[in-house]
Amino acid sequence: QVQLVESGGGLVQPGGSLRLSCAASASIFSKVAMGWYRQVPGKQRELVARITSGGNTNYADSVKGRFAISRDNAKNTVYLQMNSLKPEDTAVYYCNAISPGLTPLFGSWGQGTQVTVSS
């Protein structure tokens, strides 16, 4: 079973920055697209950033220009650099692999990491 371990969240003031990390146990890590999702209570989990196995990136409009996704295949780790954070970025952030159909590939999720943007 694939294990996903997210870390790096915390409390930050508006305008601040955080860097999230996600370590995956999957042997196929380097061959799959990876993504960062976020979820707030009462809402569906949304995909905010995606990086292909080749390093191409895509972002949700709400985070474009502020967030940057990257990956280190040698470490089976994907990162999310979050700058100019806003209160509406407050959520639990999760990572997962992404299928060609843009749905989560791994059936299990990690525990997520809480990001709270507040003054």
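See the structure above.
Structural notes, computed from the coordinates. (Residues numbered from 1 in each chain as written. Predicted model: local features only at pLDDT ≥ 70, side-chain atom pairs only at ≥ 80, totals over all residues. Heavy atoms only, no water.)

Quick look at the pairing of strand S9 (residues 91-98) now. Summarising burial for S9: eight of the eight residues are buried, a large majority. Relative to strand S10 (residues 113-117), S9 is paired through three bridges, and the arrangement is antiparallel. Bridge pairing in S10 places Tyr 93 opposite Thr 113. (Buried < 20%, exposed > 50% of the residue type's maximum accessible area, 1.4 Å probe, protein only. Helix = DSSP H or I, 4+ residues; strand = E, 2+ residues; numbered from the N terminus. Pairing = 2+ DSSP bridges.)

We now examine the pairing of strand S7 (residues 67-72). Burial along S7 is one-sided: the face carrying Phe 67, Ile 69 and Arg 71 is buried and the face carrying Ala 68, Ser 70 and Asp 72 is not. Sheet topology note: the S7/strand S8 (residues 77-82) ladder contains six bridges and is antiparallel. Looking at S8, one finds that Ala 68 is bridged to Gln 81. Between S7 and S8, which follow one another and run antiparallel, lie four residues, and Asn 76 among them has a positive phi close to 50°.

Pairing within the open sheet is antiparallel, and its four strands lie in the order S1-S3-S8-S7. Whereas interior strands pair on both sides, the edge strands pair on one side only; in this sheet they are strand S1 (4-7) and S7. Taking each pair of neighbouring strands and ignoring which way they run, the sheet shows an average axis angle of 15°. Pairing of S1 with strand S3 (residues 18-24), which is carried by four bridges, proceeds in the antiparallel orientation. Bridge pairing in S3 places Leu 4 opposite Ala 24. (Axes fitted to C-alpha atoms, helices over the stretch in contact; angles between N-to-C directions.)

Turning our attention to the sheet that holds S9. An order of S2-S10-S9-S4-S5-S6 is seen for the six strands of this open sheet, with the pairing classed as mixed. The sheet terminates laterally at strand S2 (10-12) and strand S6 (57-59), the two strands that pair on one side only. Across the sheet, the axes of successive neighbouring strands diverge by a mean angle of 25°, strand direction being ignored.

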